[in-house]
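# Residue-level structural notes
Letter by letter, the chains look like this.
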Amino acid sequence: MSPPVPSKILTDDVSLLMVLIDTNPHFWSSIKPHFSFSKFLSHVLAFLNSILLLNQLNQVVVLATGINSCGYVFDSSSGSVSQRAESLLPKLEEFAENDESLSERDDDSGNGVGSSLLSGSLSMALCYIQRVFRSGPLHPQPRILCLHGSPDGPGQYVAIMNSIFSAQRSMVPIDSCVIGIQHSAFLQQASYITGGVYLKPQQLDGLFQYLATVFATDLHSRNFLRLPKPVGVDFRASCFCHKNTIDMGFICSVCLSIFCKHQKKCSTCGSTFGQAKTLDPSASQQR
Amino acid sequence: MADKQQQVVVKRARHKSSVKDPGTPGVLKLTKDRFTFMPNDPSSPVKHNVEFRTIKGHKFTKDGTKQALLNLTQDQGGNYIFEFENFPDRNVCKDFVASAIALSGEAGRTVPEKSAVPIQDEQLSAAEMERRIKLLQEDSDLQKLHKQFVIGGILSEAEFWATRKKLLEQNYSRRPKQRVALKNDMWSTKPLADGQIFAEKPAVRQAYLNFVPNKMTEKEFWTKYSRAEYLHSTKNVIAAAAEAAEDEELAVFLKQDDMLVNEARKKIRQVDPTLDMEADEGDDYMHLPIQDHGLPRNDNKDVLDSQYEPYRRSFSQHLNQHAAVVLQGRVIDVELGDTRSVAEALARTKHAELAKDASDVYLDKERLERISRMTEIEDLQAPRDPAVAPLSIKDPRDYFDSQQANAFSTLGDTVSGAKQLKCSVSTREAYCSLKECISEIKFQGLTEPTINSEVAFKVLNGLAQNISSNKYHLGRNPNESVLDSLPKITREELLLHWSSIQELLKHFWSSYPITTKYLLTKATKLKDAMSQIYPKLQEIKESVQSDLRHQVSLLVQPMLQALDAAFAHYDADVQNRSARSGERPNGF
């Protein structure tokens, strides 16, 4: 398909939607009795089709978030119209193969559901969006939709926060639809900071309805539509030293890195900390 | 008011039982704490000897009326009416009575307070004591705190007042009393005897003084004035100019008020030039669609000849001047009946002001000095601080919403956090099933229909309810506060505990590090007081209704945390102390 002719005027509801699909196999097998990956895919594919039907100039890009890698699985602006649905599934399969091959052989014991590489796919999505920004003055309005279910990996805290801030600066909202069992603190923060919508659907077999009602809205319409707001945001951070989730810790006043224990020197910026007055934790703890 | 404080006032007066009663003539003697009335006729039963303590108020007739009466009212409803021979007499007595009542009132109230105040170690002047007592009387919350802690023996007087020095000083300087403003009668056409028109429009006043009674009678003057007002109300500038050309007295009313302009100029000059009045978008009056403070500007800016300019009157100017006069209140205190004397009195006061300003050369000099100080030489200045990023003010409702979740996580586990996902499948199997799912779709295609209609309906309902219920959540209505939604008793208790905890913690933390025995005992006493409040807070949390429980916990939680921190610190300190001293009492 040829790129849009510059003489075409892009109306203000044209959007570029980056969908990040969580393909963590451990997560999907653990959730199997309630919701299967195939049902999930059918809802998502129907949703993608409806997005493309809303406006001729809408674009959709799908990224898969695995546990060892992330990759582009579908791009609506490349290839001809008829090839769309057909190209997504084989690419997804390919991706799953690749991801499997990257995992270590001896990790056969199931010890809980690990986290998927959300930071990686967020970064890739943001890079694609930057490229679109630089393609010229006429471009659709980008936004990111994360369909995520795996638990948060505290080790990715720094990378995810950096992507969130970069999205905030480029004014790209990050919407989150959490299909897992527990809330995701990272995605709550992401949606809160970038001005996106965070939703944890109560009924997963109505996922398409959720997607179509809430997440299909373009950025222009969001100014006058009332979308669900979360009750609150979990702002807990992870410490930089052990990557544990903490809500009370020490902060370097130079670079704002977070530590769970008193340290002599900041590992990020190298500044030395002063002596703590007493060993009493209530006296020297700061938020 | 008398210039020197008189101890005794003796005046001839008649005592009346009611206003109509002719009264018994006699002599009224006023001293600081009582008044006595002795009738001229010794056989008359009308003798009075009353202490001012029992007198609660006094009333009097206006000067210039038929009788000069003074009515002293008692608490139980009794009153004493005295008629004087003339008004000056009555006024002297009136002022004396007023001060006597005030004095006795204070004395009456301070007597019970003095017994409540414990003996102090420090030397206090009487003025200081009075100030404190006055503060306690005025602020009931402060009084409660004082009673709780000082009389309860937890804090000493000195400590209690040490942190409130500012309050004491502030109270000392008397605040100027509010003065009665003029009635806000912008549109009454009747010339008011209190001279409001003269106060607002100095040109009219000047004209009155000049024309009446030389050129025209008072009635003619007001007729012309009303005509002028009528012309202004029609907003017909040209007609106004025409009539003004014919009648020169009318012209005075129609033209712009030069005296006003001069006054305004003077006022502007008095504004401190060092005031930083930065203009921002809100000051842009030129480009607002609605100008003149909400009044639509008539856009018929017909280019009138300059001869018509003086006859224009702006509504906003009129409004401003009116407001200024109303707020200034009564410039002249005396009640005068005659219009002419009102005008003269006003003119006199204005002249006095002018004279005062003209002679204030010193003020001018000081102002110039200040200006020169403020206009600094720019290139001699130190480099400015690095520019700070502007504040991004967020919608406060977001904050309330977000804090709720924090509360959820601190108060209890997140609802679904307890359930941990268990994956008992090996990696390879997991990937296999994933790939199977993908191929399943490849061959079967998308499910038809994608979604069950009932499910879709349920989802839509749920979403709609969720969105609309968020409207009624906390923090949405800026006027409503959590405290108001609590039952009154709980609210009062919470506020009381909050203020007591603040006070205790302030003193507790200030006594660390403990260097003397005095501080140690103080800290111990405070800690005991705090540990008494602690269970009360717990009780409140548990006793409240279930739908309010969450909000109450949100309020109580930080208090408990603060107390916990204080206790932990105290215990750690005690341990350190005992470890350092090496003494180990039996059993530890």
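All of these numbers come straight from a predicted model, not from anything done at the bench. Every chain's residues receive numbers from 1 upward, in the order its sequence appears when written. Each chain is given a letter, starting from A, and each ligand a number, starting from 1, according to the order in which they appear as written. A pLDDT threshold of at least 70 governs which residues receive local features in this predicted model, and a stricter bar of 80 or more applies before side-chain atom pairs are shown or counted, although totals over entire chains, interfaces and linings include all residues. Note: side-chain values were computed over all heavy atoms of the structure, leaving out hydrogens and water.

Counting from the N terminus, the helices are DSSP H or I runs at least four residues long and the strands are E runs at least two residues long. From N to C terminus, chain A includes 8 helices and 10 strands. Note on classification: 1.4 Å probe, protein chains only; a residue is buried when its accessible area is under 20% of the maximum for its type, exposed when over 50%, partly exposed between these limits. Burial statistics for chain A: of 287 residues in total, 52% are counted as buried. Contacts are assigned to residue pairs that have any heavy atoms within 4.5 Å of one another. Residue pairs at least 24 apart in sequence account for 65% of intrachain contacts in chain A once pairs closer than 6 positions are excluded. Computed with the Shrake-Rupley method and a 1.4 Å probe, the accessible areas treat only the protein chains shown as cover for residues. In the structure as shown, chain A presents an accessible area of about 13500 Å², 54% of it carried by carbon and sulfur atoms.

Moving on to the overall build of chain B. Looking only at helices and strands, chain B features 21 helices and 7 strands. Scored against the burial criterion, the 588 residues of chain B give a buried share of 32%. Across chain B, contacts joining residues at least 24 apart in sequence account for 58% of those joining residues at least 6 apart. Surface exposure of chain B reaches about 39600 Å², of which carbon and sulfur atoms provide 54%.

Turning to the nonpolar core, a few remarks are in order. Think of a nonpolar core as a cluster: buried Ala, Val, Leu, Ile, Met, Phe, Trp, Tyr and Cys residues, connected wherever their side-chain atoms sit within 4.5 Å. A:F40 and A:F47 are the most contacted members of the largest nonpolar core, which totals 52 residues. It is helix α2 (residues 37–54) of chain A that provides the largest number of residues to this core, a total of 10 residues. Excluding residues within four positions of it along the chain, A:F40 makes contact with A:I21, A:W28, A:F35, A:L147, A:I179 and A:L207. Membership of the second largest hydrophobic core comes to 37 residues, among which are B:V150, B:L504, B:A566 and B:Y570.

Once that is clear, we can look at the confidence of the model for chain B. Residue and element names in this part refer to chain B. Residue-level confidence of the predictor is what pLDDT reports, using numbers from 0 through 100. Scored by pLDDT, chain B has a mean of 72; 66% of the residues are at 70 or more. Ranking the elements of chain B by mean pLDDT puts helix α15 (residues 396–411) last with 49 and helix α16 (residues 427–444) first with 87. Here residues 299–303 scores under 50 on pLDDT; set against residues more than four positions off or in separate chains, the count is 1 contact. Below pLDDT 50 for its whole length, residues 404–419 participates in 21 contacts with residues either more than four positions away or in separate chains. Quick note on the complex model: pTM equals 0.45, ipTM equals 0.78.

Let us look at helix α19 (residues 488–510) of chain B. Helix span, expected: 1.5 Å multiplied by one less than the number of residues in the helix. A rise of 1.5 Å per residue sets the reference length of α19(B), with its 23 residues, at 33 Å; its end C-alpha atoms lie 33 Å apart and thus fit the reference within 8%. Every buried residue of α19(B) is listed here: B:T490, B:L494, B:H497, B:S500, B:I501, B:E503, B:L504, B:L505, B:H507 and B:F508.

The next thing to look at is the pairing of strand β5 (residues 174–178) of chain A. Residues and elements named next belong to chain A. Most of β5 is tucked away: 5 of the 5 residues are buried. In the sheet, strand β4 (residues 141–148) pairs with β5 via 5 bridges, with the strands oriented parallel. Directly across from I144, in β5, lies its bridge partner I174. One crossover worth recording links β4 to the parallel β5 by way of helix α5 (residues 157–169), and it is right-handed. Here the rule is simple: two strands pair whenever DSSP picks up at least two bridges between them. Throughout, right-handed denotes a crossover for which the path from the first strand over the helix to the second runs clockwise when the strands point away from the viewer.

Another aspect to go through is the sheet that holds strand β1 (residues 15–22) of chain A. All names here are of chain A. A sheet is described by the order of its strands in space; here 6 strands give the open sequence β3-β2-β1-β4-β5-β6, paired in mixed fashion. The sheet is open, and its two edges are formed by β3 (70–75) and β6 (198–199), each paired on a single side. Strand contacts of helix α4 (residues 118–133): β1, β2 (59–65), β3, β4 and β5, with the helix running at about 165° to β4, the strand carrying the most contacts. What counts as an axis is a line fitted to C-alpha atoms, over the stretch in contact for a helix, and the angles between N-to-C directions run from 0 to 180 degrees.

Here we take up the pattern of salt bridges. Here a salt bridge means any side-chain nitrogen of Lys or Arg lying within 4 Å of a carboxyl oxygen belonging to Asp or Glu. Under the definition given, this model contains 11 salt bridges over all chains. Across the salt bridge formed by B:K506 and B:E503, the nearest N and O atoms sit 3.9 Å from each other. Of this pair, B:K506 and B:E503 both sit in helix α19, 3 residues apart, which is roughly one turn of that helix. A cluster of three or more residues bridged by salt bridges with shared partners is formed by A:E97, A:E100 and B:K435.

We now examine the packing of helix α3 (residues 140–151) of chain B against α19(B). Axes are the key here: two packed helices are described by the angle between their axes and the distance separating the axes. Residues and elements named next belong to chain B. Packing of α3 against α19 leaves a shortest axis separation of 11 Å and a crossing angle of 55°. Taken together, the axes of α3 and α19 lie oblique to each other. Note that α3 runs across α19; the crossing there is right-handed. Of the residues in α19, those in contact with K144, L145, Q148 and F149 of α3 are L496, S499, S500, E503 and L504. Along the lines of polarity and charge, the residues of the contact of α3 with α19 split into 4 nonpolar, 3 polar and 2 charged. Just so you know how the angles are binned, under 35 degrees is roughly parallel, over 145 roughly antiparallel, 65 to 115 roughly perpendicular, and the rest oblique. By the definition used in this description, the sense in which the near helix is turned from the far one sets the handedness, with an anticlockwise turn below a right angle giving left-handed and a clockwise turn giving right-handed. In the scheme used here, Gly and all other residues not listed as nonpolar or charged are polar, with Ala, Val, Leu, Ile, Met, Phe, Trp, Tyr, Cys and Pro taken as nonpolar and Asp, Glu, Lys and Arg as charged.

For the rest of this paragraph, the subject is the environment of A:S123. Inspection of the secondary structure assignment puts A:S123 in helix α4. Along the sequence, A:S123 and A:S166 sit 43 residues apart, while their C-alpha atoms lie 9.3 Å from each other.

For chain A, the mean per-residue pLDDT works out to 84, and 86% of the residues sit at or above 70. Here residues 279–287 of chain A is a poorly scored stretch, pLDDT under 50, and it has 17 contacts once near neighbours within four places are set aside; other chains count.

Our next topic: helix α7 (residues 207–215) of chain A. Most of α7(A) is tucked away, with 7 of its 9 residues classed as buried. Taken residue by residue, α7(A) has A:L207, A:F208, A:Q209, A:Y210, A:L211, A:V214 and A:F215 as its buried positions.

All right, on to the side chain of A:S38 then. Considering the arrangement of structural elements, one finds A:S38 in helix α2. Judged by relative accessible area, A:S38 falls into the buried class, the value being 7%. Dropping the residues within four chain positions of it, A:S38 is found in contact with B:C437, B:E440 and B:I441.

Where α2(A) contacts α16(B), the axes come no closer than 8 Å and their chain directions differ by 45°. In terms of axis orientation, α2(A) runs oblique to α16(B). For α2(A) against α16(B), the interelement crossing comes out right-handed. Contact residues: A:F37, A:S38, A:L41 and A:S42 in α2(A); B:L434, B:C437, B:I438, B:E440 and B:I441 in α16(B). Here the residues of the contact of α2(A) with α16(B) sort into 6 nonpolar, 2 polar and 1 charged.

Before going further, it helps to spend a moment on the sheet that holds strand β1 (residues 9–16) of chain B. Residues and elements named next belong to chain B. With respect to topology, 7 strands assemble into an open sheet ordered β4-β3-β2-β1-β7-β6-β5, the strand pairing being antiparallel. Bordering the open sheet on either side are β4 (48–51) and β5 (55–60), each of which pairs with just one other strand. Here the average twist between neighbouring strands, direction ignored, is 30°. Here β1 runs beside strand β7 (residues 79–84); their pairing, made up of 4 bridges, is antiparallel. Bridge pairing links H15 to F82 in β7.

What follows is about the pairing of strand β6 (residues 68–74) of chain B. Residue and element names in this part refer to chain B. Burial runs high along β6: 7 of the 7 residues are buried. The two faces of β6 match: A68, L70, L72 and Q74 on one face and L69, N71 and T73 on the other face are all buried. Bridge analysis of β6 against β7 gives 6 bridges, and the strand direction is antiparallel. Bridging from a neighbouring strand, L72 pairs with Y80 of β7.

The next subject is unusual backbone geometry. Residue B:Y512 is joined to B:P513 through a cis peptide bond whose omega torsion reads -5°. Structurally, the position occupied by B:P513 is in the loop between α19 and α20 (517–543). One non-glycine residue, A:M171, adopts positive backbone phi at about 60°. On the secondary structure map, A:M171 appears in the loop between α5 and β5.

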